[in-house]
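Structure at a glance
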Amino acid sequence: MTTKRGHKLCVEELLVDGEVVPISINRPLLLLVSLHCINMLDPSLKVQFWKMRAHFIYQRVLSRKAHSVRAKLGVCMKELENAQDISVLGITPVQLYIEMGHVHSFYREVDRANAMFQKAQQLSGLHTELTGVLGVRTEHQSFKTA
């Protein structure tokens, strides 16, 4: 399906909730096949993780946020959050929480994203702090700001 017609058919198949997929997507067939294949697998924890990844990539390809894709992401993330043994995924819990934090951040769920990032930070032992420098930005500014 390297023809323009095949490309257009794949893009049309990816349309959801009235959203538009940018025609500039390089290989829509790969995304389409991955979404169909991952949905046919048994819903194990590892499949839920990869389903979350595939649907998040799909959401980022769309021009606007799609409710149906968000619902599928929510199901996957709920399964992953309730999982007792994350080690079967083949990734560290830190990676999982960072990826889930990115999904929440994309949907502007700041509190949930921060909670995921803080869990990842605690598990990794990473300590951060935010600092700023006071100063003037223009020659006409009379007071210092951070």
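Above this text sits the structure in question.
Residues numbered from 1 in each chain as written. Predicted model: local features only at pLDDT ≥ 70, side-chain atom pairs only at ≥ 80, totals over all residues. Heavy atoms only, no water.

1. Digging into the packing of helix H3 (residues 45-61) against helix H5 (residues 93-106)
The relative placement of two packed helices comes down to the angle between their axes together with the axis-to-axis distance. Rules: Every axis in this analysis is a line fitted to C-alpha atoms, fitted for helices over the stretch in contact. Angles between the N-to-C directions lie between 0 and 180 degrees. Every helix listed is a DSSP run of H or I at least four residues long, and every strand listed is a run of E at least two residues long, numbered separately from the N terminus. Helix crossings are classified by the rotation of the near helix relative to the far one: an anticlockwise turn of less than a right angle makes the crossing left-handed, while a clockwise turn makes it right-handed. Residue contacts are counted whenever heavy atoms from the two residues lie within 4.5 Å of one another. Note that Gly is not counted as nonpolar here; it falls among the polar residues with everything else outside the nonpolar set of Ala, Val, Leu, Ile, Met, Phe, Trp, Tyr, Cys and Pro and the charged set of Asp, Glu, Lys and Arg.
For the pair H3 and H5, interaxial distance at closest approach is 11 Å and the crossing angle is 30 degrees. In this structure, H3 crosses over H5, and the sense of that crossing is left-handed. Contacts between H3 and H5 involve Phe49, Met52, Arg53, Phe56, Gln59 and Arg60 from the former and Leu96, Glu99, Met100, His102, Val103 and Phe106 from the latter. Looking at side-chain class alone, the contact of H3 with H5 contains seven nonpolar, two polar and three charged residues.

2. A few points about the nonpolar core
Selection criterion: Definition used in this section: a nonpolar core is a set of buried Ala, Val, Leu, Ile, Met, Phe, Trp, Tyr and Cys residues joined via side-chain atoms within 4.5 Å. Under the scheme applied here, a residue whose accessible area is under 20% of the maximum for its type counts as buried, over 50% as exposed, and between as partly exposed, the area being computed with a 1.4 Å probe on protein chains only.
If you look at the biggest cluster of nonpolar residues, it comprises 34 residues, and the most contacted ones within it are Met52, Tyr58, Val69, Leu80, Leu89, Leu96 and Met100. Mapped onto this core, the elements with two or more residues apiece are helix H1 (4-13), helix H2 (28-40), H3, helix H4 (67-81), H5 and helix H6 (110-124). The biggest single contributor to this core is H3, with seven residues.

3. Some words on H5
The test is simple: Helix span, as expected, comes to 1.5 Å for every residue beyond the first.
Between its first and last C-alpha, H5 extends 20 Å over 14 residues, near the 20 Å set by a 1.5 Å rise per residue. Those residues of H5 that fall on the buried side of the exposure criterion are Val94, Leu96, Tyr97, Glu99, Met100, Gly101, Val103 and His104. Where H5 is buried, its residues contact H3, H4 and H6. Once H5 ends, the next one or two residues include Arg108, with phi positive near 60 degrees.

4. Things to note about H4
Cut-off, in case you're wondering: For this quantity, the arc is that covered by the directions from the helix axis to the C-beta atoms.
The end-to-end C-alpha distance of H4, which contains 15 residues, comes to 20 Å, matching closely the 21 Å that a straight helix rising 1.5 Å per residue would cover. Val69, Arg70, Leu73, Cys76, Met77 and Leu80 are the residues of H4 that are buried. What you see down the axis of H4 is that its buried residues fit within an arc of 125 degrees, all on one side. For H4, exposure combined with an orientation more than 90 degrees from the buried face picks out His67, Val75 and Lys78. Where H4 is buried, its residues contact H3, H5 and H6.

5. With respect to the side chain of His55
Assignment of secondary structure puts His55 in helix H3. Relative accessible area serves as the criterion here: at 3%, His55 is assigned to the buried category. Dropping the residues within four chain positions of it, His55 is found in contact with Leu35, Asn39, Val69, Lys72 and Leu73.

6. Section: the packing of aromatic side chains
This is how the line gets drawn: Only rings of Phe, Tyr and Trp enter the pairing, Trp through its six-membered ring, and a pair is recorded when the two centres are within 6.5 Å. The plane angle decides the type: under 30 degrees is stacked, over 60 is edge-to-face, the rest tilted. Sitting over a ring, as applied to charges here, requires NZ of Lys or CZ of Arg to be within 6 Å of the ring centre and within 35 degrees of the ring normal.
In total, this model carries three aromatic pairs according to the counting rule given. Measuring from centroid to centroid gives 5.2 Å for Phe106 and Tyr107, while their planes differ by 85 degrees, and the two rings are edge-to-face. Ring-pair connections join several aromatic residues into one group, and the members of that group are Phe56, Phe106 and Tyr107. The positively charged end of Arg53 is found above the aromatic ring belonging to Trp50, 4.7 Å away from the centroid. We note Arg70 situated over the ring of Tyr107; from NZ or CZ to the ring centre the distance is 4.8 Å.

7. Overview of the side chain of Arg70
Tracing the backbone shows Arg70 in helix H4. Discounting chain neighbours no more than four positions away, the residues touching Arg70 are Met77, His104, Tyr107, Glu109 and Arg112.

8. Regarding the pattern of salt bridges
For clarity, the threshold we go by: Salt bridge, as applied in this entry: a Lys or Arg side-chain nitrogen positioned within 4 Å of an Asp or Glu carboxyl oxygen.
Enumeration over the complete set of coordinates arrives at two salt bridges. Between Glu99 and Arg53 there is a salt bridge, with its nearest N and O atoms 2.4 Å apart. Of this pair, Glu99 sits in helix H5 while Arg53 sits in helix H3; the two residues are 46 residues apart in sequence, bridging distant segments of the chain. Taking the shortest distance from any N to any O, the salt bridge between Arg70 and Glu109 comes out at 2.8 Å. A residue pair is termed long-range when its members are at least 10 positions apart, and Arg70 in helix H4 and Glu109 in the loop between H5 and H6 qualify at 39 residues. The exposure class of Arg70 is buried, given its relative accessible area of 16%.

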